[in-house]
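Observations on the model geometry
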Amino acid sequence: MGDILIVDDERDIRELVSDILKDEGYTTRLAANSDECMAQINAEAPSLMILDIWLKDSQMDGIDILKAVKRDNPGIPIVIISGHGNIEIAVAAIKQGAYDFIEKPFNIDQLMVVIGRAMETSRLRRENSELRRRDTTTAEMIGSSSSFKLLKSQLDKVTKSNGRVMLTGPAGVGKEVAARYIHTQSGRAGAPFVTINCASIEPDRMEDVLFGRDTKERGVEQGLLDQANGGVLYFDEVADMPLGTQSKILRVLVDQQFQRVGGTDKVRVDLRVVSSTNRDLEAGIKAGTFRQELYHRLNVVPIAVPSLEERREDIPELARHFIAELHKSQGLPARDLSDEAEALLQTMLWPGNVRQLKNVIERVLILGSGDGPIEARELPANEEISAEDGRVVLSGGLATLPLREARELFEREYLLTQINRFGGNISRTATFVGMERSALHRKLKSLNVVTSSKAGSRVAYIDEDEETAD
């Protein structure tokens, strides 16, 4: 049923409680002082502890042991027993994390009820924790484009180590999905994955949230570092971390230990750290908003997560994945994509990247009618997405331009979007647009459109130097 450690300086009580628990189906271990107690815990953490608050010939009393165990093994429920009980001691024990306090001489039935409840509470906490951990396994890497394959190859390599990883890329590309993939494919998959959104936590609360608190009034309150012990700590948008906190996180990375706010004890942790940012941290270093030492500690393995524009080939596969996911989680219709809708999705601009694509699919499934394939007319009009970098959206108004300029802008934008839709593959683009490959090459040259490798795939863009020369 469970392994219970009994700590009491009176041999008769230790053995009496042990015999009773064995009769109830528990296994027990015994300790007469703090040294024996800590040795037993270090050898293997028990499922529950029964701890006498007064221990003769011992370096630590029950409260000291309670604090140490709750610091390093917070999941172990501890029932305090004492022959000198009073309200003050009981309150102190509960504040330090004890499950309950029982005064000697205790009633055996009462003790068994308390132990049963403590074991059940511990079991439920473990199950809840396990469910939260399993939730991270739903992070799937979806795609088959060249840039996606390069990303996945890099992620697969880092899962085999404990090296710190820095994920970079614009907002919405799926940096947290990549971080969760590292976790679920690593040796720490069974341990916690804890996300710290540095942009959403108030600067004056950051240290409380990370390190927890240790005060006389409320005892030990664990922070996110405690919760991540043994697993992966993910700093989302690390550029937003306050400067004062940066120096303390740097110390944690160096020493693998920290102090809670208001406390004096050193808390040791075993963490793997993954970070992400959509900003230029080197520019932040120059501006004095990010510590250079922390940057080098976090940026051991830099990995760029490509934007959706760099992996347009993956858009239909991602869209179908989101449809299936939303059908399972929200009961929305499991609709397919028409060929026209698929083509339109691949040619639209996606400043919000994968996150924006998921939002568009969810909106269509909610507002759409029927269970047939999603049609192009159901997708948001291109006018809703602004042009950028001087490019003209295909459906934008060109009526104010002379015919030659309007035609050139249209052809350039059309071919740019089609080439990027097919991952830079000129042959597939030529087949789709209905041109001979040689004729397409000539047209692209006349429009100053070139292709080059970026993030593992070919991307089309306008050669501005050629335009200037013209």
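Residues numbered from 1 in each chain as written. Predicted model: local features only at pLDDT ≥ 70, side-chain atom pairs only at ≥ 80, totals over all residues. Heavy atoms only, no water.

1. Some details on the sheet that holds strand β5 (residues 100–103)
As a reminder of what qualifies: In short, DSSP must find at least two bridges between two strands for them to pair. Only DSSP runs of H or I with at least four residues qualify as helices, and only runs of E with at least two residues qualify as strands; both kinds are numbered from the N terminus onward. Interaxial angle, 0 to 180 degrees, is taken between N-to-C directions of lines fitted to C-alpha atoms, where a helix line uses only the stretch in contact. Note on contacts: a residue pair is in contact if any heavy atoms of the two residues lie within 4.5 Å.
Strands sit in the order β2-β1-β3-β4-β5 across an open sheet of 5 strands; the sheet is parallel. The strands lining the two open edges of the sheet, one partner per strand, are β2 (27–31) and β5. Ignoring strand direction, the axes of neighbouring strands in this sheet form an average angle of 20°. In this structure, strand β1 (residues 3–7) lies alongside β2, joined through 5 bridges in parallel fashion. Within β2, the residue paired with Val7 across the bridge is Ala31. Here helix α3 (residues 62–72) sits on the sheet and contacts β3 (48–52) and β4 (78–82); the angle it forms with β3, its principal contact strand, is near 155°. Against the sheet, helix α4 (residues 87–95) touches β4 and β5, its axis set at about 150° to β5.

2. Re the pattern of salt bridges
Short version of the rule: Here, a salt bridge means any side-chain nitrogen of Lys or Arg that lies within 4 Å of a carboxyl oxygen of Asp or Glu. Throughout, exposure labels follow a simple rule: accessible area from a 1.4 Å probe, protein chains only, divided by the maximum for the residue type, with under 20% read as buried, over 50% as exposed, and the rest as partly exposed.
Within this structure, the stated rule accounts for 23 salt bridges. The salt bridge partner of Asp3 is Arg29, with a shortest N-O separation of 2.7 Å. Here Asp3 is found in strand β1, whereas its partner Arg29 is found in strand β2, with 26 residues between them in sequence. On the basis of relative accessible area, Asp3 is assigned to the buried category, the value being 17%. Beyond isolated ion pairs, a larger network of salt bridges with shared partners links Asp8, Glu10, Asp52 and Lys104.

3. Re the confidence of the model for the chain
If pLDDT is low for a region, its predicted coordinates should not be looked at in detail. Quick reminder of the rule: Scored from 0 to 100, pLDDT records how confident the predictor is in each individual residue.
A residue-level look at the chain finds 88% of positions with pLDDT of 70 or above and a mean pLDDT of 85. A low-confidence stretch, residues 383–388 stays under pLDDT 50, and its non-local contacts, those more than four residues away or across chains, total 12 contacts. pLDDT under 50 marks residues 392–397. Its contacts with residues more than four places away, or in other chains, come to 15 contacts.

4. As for the nonpolar core
Worth spelling out the cut-off: Residues belong to one nonpolar core when they are buried, are Ala, Val, Leu, Ile, Met, Phe, Trp, Tyr or Cys, and are joined through side-chain atoms within 4.5 Å.
Ranked by internal contacts, the top residues of the largest apolar core, which has 31 residues, are Ile196, Leu233, Phe235, Val238, Ile249, Leu294 and Leu298. Mapped onto this core, the elements with two or more residues apiece are β7 (193–197), α8 (206–211), α9 (224–228), β10 (232–236), α10 (243–255) and α12 (292–298). Once you skip the residues sitting within four places of it in the chain, Val238 turns out to touch Met166, Cys198, Ser275, Ser276, Thr277, Leu281, Phe290 and Leu298. Of all hydrophobic cores here, the second largest spans 23 residues; its members include Leu5, Met38, Ile76 and Phe101.

5. Here we look at the pairing of β10
The side chains of a regular strand alternate, first on one face of the sheet and then on the other. The buried count for β10 comes to 5 of 5 residues, which makes it a mostly enclosed element. Side-chain alternation along β10 places Val232, Tyr234 and Asp236 on one buried face and Leu233 and Phe235 on a second face that is also buried. Two strands pair when backbone bridges link them, and β7 and β10 are joined in this way by 5 bridges, in the parallel orientation. By the bridge assignment, Ile196 is partnered in β10 with Phe235. With 4 bridges connecting them, β10 and strand β13 (residues 272–277) associate as parallel partners. Looking at β13, one finds that Val232 is bridged to Arg272.

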